[in-house]
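Fold and geometry: a report
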Amino acid sequence: MPDTAFARRNVEKVLWLPRYALGDLVTRFVPRRPGTWVVGSAYGVHDGARALVEELVARGRADRVTWLARTPQEAADARALGVRVLAHGSFAAFRAATRAAVVVLTHGFGDASRFGTGGAFVLQLWHGSPLKRMHLDSPAAMRLPVVGDRGPVPRLLAAMYRRGGERIGLIPVSSATVVPRIAASLGADASRVEVLGEPRTDVLFRGPEDERRAAARARVEAAVGALGGRRVVLLAPTWRDGAADPVVPTAQEWRGIEEWLAAHDAVLLVRPHPLAVGDWSHRSEAVRLLDARAEPDVLRVLPAADAVVSDYSSIVVDAAATGAVLVFLAPDVEEYGRRHGLYEPYAVTTGGRVAATWPEALERLTEGWPGSPGRDEALAFSRALADRFHEHRDGRSAARVVDRVDAVIGTGAPTVAPSSVGGVAFFESFHGRNVSCNPAAIDRELARVAPGVERVWSVARDGVEVPEGATAVRVGTPEWRAARDRADLLVLNDWIEDSWRPRRDQFVLQTWHGTPLKRIALGRRDRTPRLFAAVVKQSTRWSAMLAQNDFGARALRRSYAVVRPMWTLGYPRNDLVVTSSGEETRAALGVATPRVVLYAPTWRDDALDGPDPLDPVALAEHLGEGWTVLVRGHARTLGLRTEVAADRVLDVTAHPDVSDLLALADVLVTDYSSVMFDFSATGRPMVFHVADAEHYENEVRGFAWDLAGRAPGPLVRTTEEVAAAVARADEPDERARWATRYARWRADFNPLDDGHASQRVVARLLALGTLPRR
């Protein structure tokens, strides 16, 4: 069977030879800009390229990264990461590639710019640990129409491949087993193939195993529908470059598969290769199609698989690291080995666990299924394969790769140490009512890394305690106006209440104070032309806006008509939430009980002074002696709306920073407050008290989406129901009930709440030169 796709692309490469030569000439004269990166990915904003860019963004380098996008969706996905986007194949993309210090690829030079990489440091991430031979190692990959793989033209093609391989500066791989395969196939110097781990696999190793599995199942269900409690078998064969896929079941084999799935309470996810040829149209309740359009990044769903059926695909190497049972279904092993080639005898790779037919594959699945005598042996084989191919399993491969590139070529960042930065930073939180939230966290980090900066805090009254080393200025005083006017950097979390406008050389970072579930600003139903004018007046005074997550970035951009950069870096205020034990706050509040529940509702525009819908004293009585109830009024309220008179109920509305309370609480009770998105960074239980949900949604604010459909905890109406939900929140069955939703929620809203958001924000502020040198 001719390898038509390889042959077609090889013809294109030979015909492009003059353009390669012209591109090389251009790059000899165009200087490259230190510290800049251009990223191209055949997979879109997924896989290793995404992991690498997320690491660069986390280090405050988003402004130095350009993504070359092929489709509008890919462009939108890349912008959501906070980086610059250009159209792949455009002149602007070529120009960017000729100037970037680092060009990142996942497949070949065509990912970025075939003709603009001369002189760049080329980082080739590749896309898996190869079992089948590739490129220079495979006759199938080097074939041309008519002439095949022999003669002067194929030799010229091989020379072009080797020339490209010589340009690669670094290829990170997963293990020493892979080094000679990648080096030989790509024609690269083996010394540039380093065992740093594959950034694409970081997603397989970050966080607890149960959370990874729950998040993966949630992604699967979003793509193919509910799975119930059934186990998952993933079928993921490699491609045959134009040949029909020999593992497509016959009608009789489908019947046998359906019977097996029913008997084992399982679902089969069919993941054909994007270029596969074959009839994969069979569907049923037990057989679901998980194609690349529904879920582009297969590694993000891999932990959901209890077993994986494949052939020569590198996915088996990745699946081994998740602990899945592996079944090798290869009806064409002799032909494939002869035509395409394998790096080692298939019996060595598979341990002899090869099935030639579907009935044999089902037997292998049965042997490794939970409760079967052969399961321990099947799992031991997966572990052994993972040991051969994955030397790094800490989820930090992207970090190692960036560190290695930095070590080779430098960061391109200013050589000025942060400690030599000076100037004035002006902070304000909730119009000066306290020192808290994102501005307080940014202040702490700035004081740590740049002690030469003068830090000034805006306070609404005397007695507001400011951080050590900072100066307090009271709102509205001449000193306050002067401090604001001379500041180089202003960090706020709410509106600027007067008509002041910043100078052109001042930088105003609007951190906001929560990811909004409820509709705000221009999203409100009662918006008016006057409100629109006020919102635009606000947002045009901000140099950049900070968002906790991608959803928050989109919501805030729409709600405030933000045209300036949106920094999606996580919320600095949550660094404390995920790193503090809360014991210092416990002592300060005098909490003596072992368990703490925090009740933190949002404010009601139409009923600021009305009765609170939850009775905290009754809640404490229902919970019993082991619990203390902390009640936190919203920042727009002055305190509780009911009298509190109980030993185990504390009004903590006046406590300066809610982050302290979130770190302490064992369970959160809230309604529609954005604290739900902060507390979920801890992974601890949440209960949603929604007594007035219909009124709040239909007549007061409205929601961005249906809370009931996504909440990672129970929605309840009465104080008694709240107490019952809190009391059982930590029971194993209750935890399991919400595990999948909670994992998906954290994947959506807390991917950047990792304890380092303050570092990312301050690093970006310093990299942009928002504060001058002393």
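Remember, it's a predicted structure, so these values are computed and weren't measured experimentally. (Residues numbered from 1 in each chain as written. Predicted model: local features only at pLDDT ≥ 70, side-chain atom pairs only at ≥ 80, totals over all residues. Heavy atoms only, no water.)

A short note on the overall build of the chain
- Tallying secondary structure elements over the chain gives 29 helices and 26 strands in all.
- Counting only residues that meet the buried cut, the chain has 57% of its 774 residues in that class.
- Restricting to contacts in the chain with at least 6 residues of sequence separation, those with at least 24 account for 69%.
- Taken as a whole, the chain presents about 31,700 Å² of accessible surface, with 53% of it coming from carbon and sulfur. (Helix = DSSP H or I, 4+ residues; strand = E, 2+ residues; numbered from the N terminus. Buried < 20%, exposed > 50% of the residue type's maximum accessible area, 1.4 Å probe, protein only. Contact = heavy atoms within 4.5 Å. Areas by Shrake-Rupley, 256 points an atom, 1.4 Å probe, with all protein chains shown as cover.)

Focus: the sheet that holds strand β1 (residues 33–40)
- Here we have seven strands laid out as an open sheet, ordered β3-β2-β1-β4-β5-β6-β7, and parallel in their pairing. At either end of the open sheet lies a strand with only one pairing partner, and these are β3 (84–87) and β7 (193–195). Within the sheet, the average angular offset between the axes of one strand and its neighbour, ignoring direction, is 25 degrees.
- Where strand β6 (residues 168–173) meets β7, three bridges bridge the pair, whose relative direction is parallel. Note on β7: the bridge partner recorded for Pro-172 is Glu-194.
- Where helix α4 (residues 72–80) meets the sheet, its contacts fall on β2 (65–69) and β3, and the angle it forms with β2 comes to roughly 165 degrees.
- Here helix α7 (residues 179–186) sits on the sheet in contact with β5 (121–124), β6 and β7, set at roughly 145 degrees to β6. (Pairing = 2+ DSSP bridges. Axes fitted to C-alpha atoms, helices over the stretch in contact; angles between N-to-C directions.)

A closer look at the pairing of strand β8 (residues 231–235)
- By the criterion of burial, β8 is predominantly enclosed, with four of the five residues buried.
- Looking at chain direction, β8 and strand β9 (residues 266–270) are connected through five bridges and run parallel. Within β9, the position partnered with Val-232 by the bridge is Val-267.
- Once you follow β8 into helix α9 (residues 251–263) and on to β9, the crossover reads as right-handed.
- Sheet topology note: the β8/strand β11 (residues 307–310) ladder contains three bridges and is parallel. For Leu-234, the partnering residue across the bridge sits in β11 and is Val-308. (Right-handed = clockwise from strand over helix to strand, strands pointing away.)

A look at the sheet that holds strand β15 (residues 454–459)
- Spatial strand order, β16-β15-β14-β17-β18-β19-β20: seven strands in an open sheet with parallel pairing. The sheet is open, and its two edges are formed by β16 (471–474) and β20 (566–568), each paired on a single side. Neighbour-to-neighbour, the strand axes of this sheet turn through a mean angle of 25 degrees, independent of strand direction.
- Here two bridges tie strand β18 (residues 507–510) to strand β19 (residues 544–547), and the two strands are oriented parallel to one another. By the bridge assignment for β19, Leu-509 is matched with Ala-544.

Some words on the pattern of salt bridges
- A complete count under the given rule lists 43 salt bridges for this structure.
- Close ionic contact of Glu-445 with Arg-448 constitutes a salt bridge, the shortest N to O distance being 2.7 Å. Residue Glu-445 and its partner Arg-448 are both found in helix α16 (residues 437–449); the two are separated by three residues, about one turn of the helix.
- Residue classification places Glu-445 among the buried positions, given a relative accessible area of 10%. (Salt bridge = Lys/Arg side-chain N within 4 Å of Asp/Glu carboxyl O.)

A short note on the pairing of β2
- Counted residue by residue, β2 has five buried out of five residues, so it is predominantly covered.
- Side chains Val-65, Trp-67 and Ala-69 of β2 all project onto a buried face; the interleaved residues Thr-66 and Leu-68 project onto the opposite face, where all are buried too.
- With four bridges joining them, β1 and β2 adopt parallel strand pairing. Note that in β2 the partner of Val-38 across the bridge is Thr-66.
- At this point the chain moves from β1, through helix α3 (residues 47–58), to the parallel β2, and the crossover so formed is right-handed.
- At this point the chain moves from β2, through α4, to the parallel β3, and the crossover so formed is right-handed.

A closer look at unusual backbone geometry
- Non-glycine residue Trp-126 carries a positive phi angle of around 55 degrees.
- Considering the arrangement of structural elements, one finds Trp-126 in the loop between β5 and α6 (152–166).
- Of note in this structure, Trp-512 is not a glycine but carries a positive phi near 55 degrees.
- Note on placement: Trp-512 falls in the loop between β18 and α18 (529–539).
- The exposure class of Trp-512 is buried, given its relative accessible area of 6%.

Observations concerning the side chain of Arg-288
- Among the secondary structure elements, Arg-288 is positioned in strand β10 (residues 287–289).
- Once residues lying within four places of it in the same chain are set aside, the contact partners of Arg-288 are Val-224, Gly-225, Ala-226, Leu-227, Arg-230, Val-267, Leu-268, Leu-269 and Val-270.

Describing helix α27 (residues 719–727)
- For α27, the full list of buried residues reads Thr-719, Val-722, Ala-723, Ala-725 and Val-726. Down the axis of α27, the buried set is contained in an arc of 165 degrees. They therefore lie on one face.
- Its buried side turned inward, α27 meets β21 (595–599), α22 (616–623), β22 (627–631), β24 (667–670), β25 (686–689) and β26 (715–716). (Arc of directions from axis to C-beta.)

Remarks on the packing of aromatic side chains
- Enumeration according to the criterion identifies 15 aromatic pairs in this entry.
- Taking 5.2 Å as the distance between ring centres and 10 degrees as the angle between the ring planes, the aromatic pair formed by Phe-677 and Trp-745 counts as stacked. Of the two residues, Phe-677 is situated in helix α24 (residues 675–679) and Trp-745 in helix α28 (residues 732–749); the sequence distance between them amounts to 68 residues. By the burial criterion, Phe-677 is buried, and Trp-745 matches it.
- With 4.8 Å between their ring centres and 65 degrees between their planes, Phe-677 and Phe-749 make a pair best called edge-to-face. One end of the pair, Phe-677, is in helix α24; the other, Phe-749, is in helix α28, with 72 residues separating them in the sequence. For the residue pair Phe-677 and Phe-749, the accessibility class agrees, reading buried in each case.
- Feature note: the residues Tyr-312, Phe-328, Tyr-336, Tyr-346 and Phe-381 constitute an aromatic cluster, connected by ring pairs.
- Sitting above the plane of the Trp-567 ring, Arg-764 keeps its charged end 5.0 Å from the centroid. (Phe/Tyr/Trp six-rings, centres within 6.5 Å; stacked < 30°, edge-to-face > 60°. Lys NZ or Arg CZ within 6 Å of the ring centre and 35° of its normal.)

What about a positive patch on the surface?
- A grouping of Arg-519, Arg-525, Arg-527, Arg-554 and Arg-558 is seen on the molecular surface, where their side chains present a positively charged patch.
- By the secondary structure assignment, Arg-519 is in the loop between β18 and α18. (Patch = residues over 30% accessible without salt bridge, like charges linked within 9 Å, V, L, I, M, F, W, Y side chains within 5 Å. Lys, Arg positive; Asp, Glu negative; His and termini not counted. Charge placed at Lys NZ, Arg CZ, Asp CG, Glu CD.)

Describing the packing of α3 against helix α15 (residues 397–409)
- One can describe the packing of α3 onto α15 by two numbers: an axis separation of 9 Å at closest approach and a directional angle of 70 degrees. Looking at the two axes, α3 sits roughly perpendicular to α15. In terms of crossing hand, the pair formed by α3 and α15 is right-handed. Side by side, α3 and α15 meet where Ala-51, Leu-52, Glu-55 and Leu-56 of the first sit next to Ala-398, Ala-399, Val-401 and Val-402 of the second.
- Looking at side-chain class alone, the contact of α3 with α15 contains seven nonpolar, no polar and one charged residues. (Parallel < 35°, antiparallel > 145°, perpendicular 65-115°, else oblique. Left-handed = near helix turned anticlockwise from the far one by under 90°. Nonpolar A, V, L, I, M, F, W, Y, C, P; charged D, E, K, R; others polar.)

Points about α18
- Turning to α18, its buried residues are Val-535, Gln-538 and Ser-539. Looking straight down α18, one finds its buried side chains confined to an arc of 85 degrees; they lie on one side. Of the exposed residues in α18, those oriented more than 90 degrees away from the buried face are Pro-529 and Arg-530.

So, the packing of α9 against helix α13 (residues 358–368)
- One way to put it is that α9 packs onto α13 with a least axis distance of 10 Å and a crossing angle of 15 degrees. Judged by the angle between their axes, α9 and α13 are roughly parallel. Of the two elements, α9 crosses α13, and the hand of that crossing is right-handed. For the pair α9 and α13, the contacting residues are Glu-253, Gly-256, Ile-257 and Trp-260 in the first and Trp-358, Pro-359, Leu-362, Leu-365 and Thr-366 in the second.
- For the contact of α9 with α13, the residue count by class is six nonpolar, two polar and one charged.

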